[in-house]
Structures are given as C-alpha cells and as structure tokens.
2 protein chains.
Amino acid sequence: MTTDVKHTVVLDVMGADSGIAEILKGGLDAARKLGSDVHIIFVGHKQEIENILSEQNENFKNVSIENADDVIPMHMAATDGVRMRNSSVAVGLKLLNQKKADAFISPGNTGAVMASSLLTLGRIEGVSRPAITAMFPTSASKPTVVLDVGANADCKSHHISQFAVMGSVYASVVLKKEFPRVGLISIGEERSKGNELIFRAQEQLKKSQINFIGNIEGRDILSGAVDVAVTDGFTGNIILKFAESIKPMLVKKVQRQIQTNMFSRIGAMLLLPFLKRMRKTFDYAESGGAPLLGVNGIVVICHGSSNAKAITNAIVVAFEMAEKKIIKRIHDELITNHFGQNNGANSKSENNRDRVVCPSPTDD
Amino acid sequence: MTTDVKHTVVLDVMGADSGIAEILKGGLDAARKLGSDVHIIFVGHKQEIENILSEQNENFKNVSIENADDVIPMHMAATDGVRMRNSSVAVGLKLLNQKKADAFISPGNTGAVMASSLLTLGRIEGVSRPAITAMFPTSASKPTVVLDVGANADCKSHHISQFAVMGSVYASVVLKKEFPRVGLISIGEERSKGNELIFRAQEQLKKSQINFIGNIEGRDILSGAVDVAVTDGFTGNIILKFAESIKPMLVKKVQRQIQTNMFSRIGAMLLLPFLKRMRKTFDYAESGGAPLLGVNGIVVICHGSSNAKAITNAIVVAFEMAEKKIIKRIHDELITNHFGQNNGANSKSENNRDRVVCPSPTDD
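Residues numbered from 1 in each chain as written. Chains lettered and ligands numbered in written order. Predicted model: local features only at pLDDT ≥ 70, side-chain atom pairs only at ≥ 80, totals over all residues. Heavy atoms only, no water.

(A) Molecular detail of the packing of aromatic side chains. Scanning the model with the defined rule gives three aromatic pairs over all chains in all. Their ring planes at 85° and their centres at 5.9 Å tell us that phenylalanine 136 of chain A and phenylalanine 242 of chain B sit as a pair that is edge-to-face. Of this pair, phenylalanine 136 of chain A sits in strand E5 (residues 131-136) while phenylalanine 242 of chain B sits in helix H9 (residues 233-244), each in a different chain. Of the two residues examined, phenylalanine 136 of chain A and phenylalanine 242 of chain B, each falls in the buried class. Taken together, the aromatic side chains of Phe136 and Phe242 of chain A together with Phe136 and Phe242 of chain B make up a single cluster linked through ring pairs. (Phe/Tyr/Trp six-rings, centres within 6.5 Å; stacked < 30°, edge-to-face > 60°. Helix = DSSP H or I, 4+ residues; strand = E, 2+ residues; numbered from the N terminus. Buried < 20%, exposed > 50% of the residue type's maximum accessible area, 1.4 Å probe, protein only.)

Structure below.
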C-alpha cells in the first residue's frame, strides 16, 4: 500500500450468485479506474482469489487479499449469518471497524450484511435506524434516491424523518446536488391525504433544515420531480420489487411481439441498442448498489446477481462516499435536525449496536 | 325500455377531463356492443347530451337521458362534492338506490364518487370498508386484480382480509377463474417478514375459505403469480401511481432514442404497433375502470382522462358484475369468512352508511 492511497475499500467476493470471478472482475475494473487513489481488499477464500488473480496479464499494485474461510449462504437467516465469525462479511466488516478500511461492499446475503454491519459498526450518533437506499431511474437526467427500501418494516415518524436527512446527504454526494429536493411518499399532495405515520413525519420535516418539498405520490418517483423520495421500509421494498419486475415483463412482451411478424422482427433488430438500454434502465444493479445509510461506516449492499459492472459502480460510489466524508455529514445534519426520541443528544447514552434491523430480501 | 333488458347501467357523462362527447361515444359503443341486453342511462346536462345524440346517424333504442344540473368539479373536496344534491353523481346514484338501475359508472371526481356511493348505497352487509380495485397488466395471459388502491389510507387487518374476499369474488367474475389465487403483498414470503398489520391479516386469511396462497412480494404483481394481490389503500395507491408513471417515462425515453439516429428511427417506425400496445399495457384506463367493491351497489370509477374505449370497457365490466350478481356473492362470501370486528352478524346493527371513506386522488 503506497502512501498516496486516499481510501481503502473492502470487497466481499464470496456469496454472490454471479460467482467469485465476476465479482473479482468488477473489483479489478474499479482498481484500474480509480488507480492509485484506491486500495481494494478482496475478502474471501484466499487460494481461489489468488488463482483468478494469477490469470490476469496485469499486475495490480492497489489490490490485496484478506482470507475468510466461510461464506454466509444466500438464504440463511440473518440471525444465523451474523454468528459466522469467519465469514467474508464478518472479516470484511472487522477491517472497517479496525479503521484498516473506509468502505465495505458485499453482494452477499442482504439480511446478514445489514445485521452484521449494525452489530460490528454500530449506528452513527443520532440515527435510530439504518436504511437501505436505492437509485431509481427517471425520465429526467438524474435518478431519484429512494429510502428506506427494506431495512425497517415497521417505522415511526422520526425514523422516516431521519431517512429524509440521510437521503438528502447521500443525494448531495452522489447526484452532486447542492440542496436536494426531498419528498415524502404518500397518497396525495395535500395535508389531508395520507396515513397517520405520514402526517407526523410531514410535520417534523417541515421544521427541518433540509429542502423538504412536501408530500409526493407514487408517480413522482420516476418523473424526477424530487432528488430524494422517502418512505418506510415496507412500502419502499414493495415499490423496489415492483420496479425490478418491470424489466422482465417488458422483455417477455418484446419477445412475444418480435415473433408476430417480419416487420416487427426487423424493427426490433434495428431498435436492439435501445431495447438493451431500456433493460438497463430498469436494472437497479447498474446503479452501484444500495448503501446501508446510518451505520457507522460505509456499507454498500449489491444484488446477489450483480455483474462486474455493478460491482465497479458500487466501488466508485463507495469511494465517493468516503471522499465526501458522508458519515460525518450525516452525523452533523442529524445534530442540526432533531427528530423525536433518538436525536444526537440522547443516542450516545444508548448502545448504538443493540438494535438488529429486520432482514430484508433485497438480494434473492 | 323493452322487457328483455337484462341490466340497466347509469353513465355519468359529466366531470371527465376528456369531455362529454368522448364519454358519450364510449356509452354508445357499449350500447351497440351489448345490444338489447342493456339499457344505458346517460346522466348530465340533458340539452348537451341531446345535441350530441342528435348528431348520430344511428337511432339507439337502448339509451335514455336523465337530467342533472350540476357537475362536481374534479378537484373539489369530497366532503363538498357529496353536498351537491343535483350533481350527475348524486342523480345517478339515486337511480341505483331506487332500483331503477343496476350499476353506476363515473369518470368524475373519485373522492366524491366514493363518498357519495357510500352515503347513498351504504355498505354490503359484512363489509367494514369499501375498496377501490384496479387491474394490473402481467407477463402472463391475464391481469392481476389489486386492491385496495386508495380508498383506505389506514387499515386494520380485518379490512385487508375483507378486501381479499371481495377481490377473490371480483376476479372470479372478471377473470373467469374458478378459484382465484389470492396473495397478500408484503416484503418477503416468510412469516417473519412484513409488518404487524400483515402478520395479523395473514393469520386471518389462512383460516379463510378463499384460495389464499400466502404472502407475495412487489415483483409478483406483474408476473401473474396471483390473480388477486391484496394490500392496504396506502401501499396500493402508491403502487398504482408508480405503475401509471411507467408509461410516460418509457415514452419519453423512446422519443429521445428515436432522435438519435436513422436506424433507430426506422426501427421505431416498424415497431410502432408494438410501442402503441406497450403504451396500452401500462394504461390502466384501458382495463375498464376501477370498481368500488363493498358498497351496496355496482359502482365503477374511471379515470378523469378516460377515452371512449375505457368507458365502453367499464360498462361491459359493470354489466358482467350485474350479470354474475357480484353484490350477493360478496355478501355470501363474507358471511362464510368472518373477519374481526365487523362481520355479517354485527354489521347490520351498525349504520352501514355512516363511514365516509377517505378521498383518494386516483383521477387527477
């Protein structure tokens, strides 16, 4: 490791459905892209990783390997996963906790990564609940940040308000927006529409320092009307899964159409690049993974089916988050905006590692 | 009106953004399609309707006009809308209540139609809360029935369980499925995933007589894995609005792509019929409106921007619902499946007209 390394990123290369080689390829592409600014530590079966690295024609100076004997299976319960002390997730997060690295990326068992992150790193002071954060494509030039998409099935209003602040900070980092527009997902724009949880969150957010534009509807997520769309983890996860199912549905319909006649077939061939791009539009793996905002360290969760490109993107995003000191910024913003029971003042007295978030099936 | 009329359908021709002529065209197409089986009553400004009808070259024996002086504006609060005693909605629903008609269809102010329906017709015995019911396209051959998509922002578990029963009956009528598969929308298939509301509804539905297949995820709505997807009106409305925004987003992306080069332009021209069909796929107005299940009469709410075809479809669906005696079937099924506080036994003692549902912005 040379002295000009800006940030060290740990990549869990095990446990993805797409296989070690594909994940490693993504890591190496990121190492190439970020150059000497980054150091990437691959965590997993050392021998297997070495075998794949030895096949490369290139000599990477900015990568290293950390052995981990075990792999948390994709469908293992999070509570069992966290007990595997020698898993690639546990070993990787330990490096973060020991300040030997700045960010951890895993395409493995989402529930286990979430629970392990919280237990190992704890929460940022002021955060009651970490939230999984996704990027949705829009018809505008930039995507929309949506959170929580699955970490917390049952939320209180101050959780949602905190998500809004964390999402605002994240959007300012990744979308490079100075004062991101934050909307609260509800069933109507007026005060009288929505449920009790939303009413309370809305009141809190109106008093906050973030650029809260008010309630938005489901349609505003893809329109690019806001930079950040905030919701509870139940609603958010359902929207995410629904959105992920659009692509396979369209592909099936395109395939059926192509079979109907020759003109359609020629048309489809000419439009192939477009259709591919459209598939990508709804491919959330393309967007660089889903950060778990609120834990006291940069953790990015990727789809179990991530390809190399998705992993590269996730590393670049994680690097950017480290560069922009996102943890400190979330902390500072939450101190500025006090929400409900667990603001900066009293959270220190709580054990920041005691609450295990509900495992979410974002990766299966 | 001849004696062989099977069902009389009332069509509110006022209050739609698309205009009286377009709505009337839909009504006349339905009159043509259903022939002497149907009698359609157009409710609205008599003179205006007569003027448009007089321009037709055809003489319709199965339509008539009922005058209504007032129109509830699209964005008026539901509570104000219900007070307009001479509105097309009030006059139309009165015909239903007086047993002069079997079904009411309106492309007007959704909140006002909901509230007026409930006040005028009351609830079916056994129903705690009516639900708005939508059809979602799937990659399978048949659409998925989704409810509630906006009538009830805050639900209790027995409301959701009742929605499941009503959705099951509706699917058996419109999808012609003997034993429709019903799924409960949650964030994971296992018992341990989901929120408290869902846990309780799941327990109730397991004991029900309907074909409850368990929890489903957001992705299962478009996949055709179930015939009926049940959720609370908050989540359902957000999914509906999100789904409705897919089409405009795709159209924008197609337009941008077409401008890029000549091959794309030729490809797009050849694929035009497909692209049109794809637009229709995500055009929920095509599916025949959204019935308000649970009120003691057949009420179908259409988009304010409905075209003639959407209105024709809605009339055909409403006719089918009358033909299959859906009100009696919902009543009977709810008696068989007792859920929570408000089952068939005690609902009679309640005033079935006292609860005004929360207005939902499905039409703006």
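(B) Broad picture of the pairing of strand E1 (residues 7-12) of chain B. Residue and element names in this part refer to chain B. Counting buried residues in E1 gives six out of six residues, a clear majority hidden from the surface. Both faces of E1 are covered, namely the face carrying His7, Val9 and Leu11 and the face carrying Thr8, Val10 and Asp12. Direction of pairing for E1 relative to strand E2 (residues 38-44): parallel, over a ladder of six bridges. Paired with histidine 7 across the two strands is valine 38, which belongs to E2. This β-α-β element, E1 to helix H1 (residues 20-34) to E2, shows right-handed connectivity. As judged from the three bridges shared by E1 and strand E4 (residues 103-106), these two strands associate in the parallel manner. Across the sheet, valine 10 pairs through a bridge with phenylalanine 104, a residue of E4. (Pairing = 2+ DSSP bridges. Right-handed = clockwise from strand over helix to strand, strands pointing away.)

(C) Spatial organisation of the environment of glycine 15 of chain B. All names here are of chain B. Along the chain, the position of glycine 15 falls in the loop between E1 and H1. Residues glycine 15 and serine 88, spaced 73 residues apart in sequence, show a C-alpha to C-alpha distance of 8.4 Å. The residues touching glycine 15, leaving out its near neighbours within four places in the chain, are Val71, Met74, Pro107 and Gly108. (Contact = heavy atoms within 4.5 Å.)

Purely spatial values, then, with no claim about function.
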